[in-house]
Structures are given as C-alpha cells and as structure tokens.
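# Summary of the model geometry
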Amino acid sequence: MAAEINYSIEEREGAKIIHLSGVLCSATEREFINLVESLIATNNVIINFSATSMVTSSGLRALIDVSHLARQKKRRVMILGASENLHGLINVTESYDLLLINSVEEGLRKLEYYL
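Keep in mind that this is a model prediction, so the values were computed, not measured.

### Re the packing of helix α1 (residues 29–40) against helix α2 (residues 57–72)
- Relative to each other, α1 and α2 sit at 15°, their axes nearing to 10 Å. It follows that α1 is roughly parallel to α2 by the angle criterion. Crossing angle aside, the handedness with which α1 passes α2 is right-handed. Between α1, through E29, F32, I33, V36, E37 and I40, and α2, the contact on the second element is made entirely by S58, R61, A62, L63, V66, L69 and A70.
- By residue class, the composition of the contact of α1 with α2 is nine nonpolar, one polar and three charged.

Structure representation (structure tokens):
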C-alpha cells in the first residue's frame, strides 16, 4: 500500500489551518511542500499533525524547508498536535526554529509576535 497524505484547510483570523492525516514521508513530501507553498504566498499557516500517523526524516526535512521559505516571505508555519515521534525528530535534529503550539488560539496569539 502506497503512502498517502490527506488534508483539509480552514481559515481563522487570517491564518490557514491545515488538518493533515496520513504519512509525511519521501512519497508525500512533494505534495505537502506544494500545498504549504501555495498557502504561505498570502497566509501564515498552522499545520495540525494530530491525525498524522507518521512523519519520517524526509517529512521533517520538508517541514523545515517550508518553514524557512515562509520566513523568507515574512510568514510563519506553526506545528500543532506534534506526536512524540515528531517531537523526538525535532530534538534529535535540533530543529528548534520550528514553532510548536498546543492550540490554534496559542498559534494565533504567537503570530502577533513572531513575524
């Protein structure tokens, strides 16, 4: 069975929230990057990983890449609902510039200060 990624998008207070499910890996990273790139052109993005079953090192690299691209465009990408596995990947790779949040409301408040 091939890895796939599914998502829905909502907008709240000027930010796009991506509700992600499936696996973020080398097979799905291009679709993920294209999705986030299209949104950060005009919006800050919160990615909800709570329904994501796995994020591999390739998926983390894609997440770091879109986060850096967002910052170049004076936008932010924030991570909501990160699993223990994703927290571990972030710590091992020392990717501390990724903004982890506990709620959409927290993310919206942080956007006021982290642009």
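### Comments concerning the pattern of salt bridges
- With the rule as written, the count across this model stands at four salt bridges.
- A salt bridge links E29 to R61; the shortest N-O distance between them is 2.9 Å. With E29 in helix α1 and R61 in helix α2, this residue pair connects regions lying 32 residues apart in the sequence.
- Judged by its relative accessible area of 13%, E29 is buried.
- Residues K110 and E106 are paired through a salt bridge, measuring 3.0 Å at the closest nitrogen-oxygen approach. In this pair, K110 and E106 are both assigned in helix α4 (residues 104–111), four residues apart and thus about one turn of the helix distant.

### Overview of unusual backbone geometry
- We note that E13 has phi near 50°; this positive angle belongs to a residue other than glycine.
- Looking at the element boundaries, E13 is found in the loop between β1 (5–12) and β2 (15–24).
- E13 sits in the exposed class, given a relative accessible area of 70%.
- For K74, which is not glycine, the phi torsion reads 60° and is therefore positive.

Rules of the game
Residues numbered from 1 in each chain as written. Predicted model: local features only at pLDDT ≥ 70, side-chain atom pairs only at ≥ 80, totals over all residues. Heavy atoms only, no water. Axes fitted to C-alpha atoms, helices over the stretch in contact; angles between N-to-C directions. Helix = DSSP H or I, 4+ residues; strand = E, 2+ residues; numbered from the N terminus. Parallel < 35°, antiparallel > 145°, perpendicular 65-115°, else oblique. Left-handed = near helix turned anticlockwise from the far one by under 90°. Contact = heavy atoms within 4.5 Å. Nonpolar A, V, L, I, M, F, W, Y, C, P; charged D, E, K, R; others polar. Salt bridge = Lys/Arg side-chain N within 4 Å of Asp/Glu carboxyl O. Buried < 20%, exposed > 50% of the residue type's maximum accessible area, 1.4 Å probe, protein only.

By themselves, these are just geometric observations and shouldn't be taken as functional.
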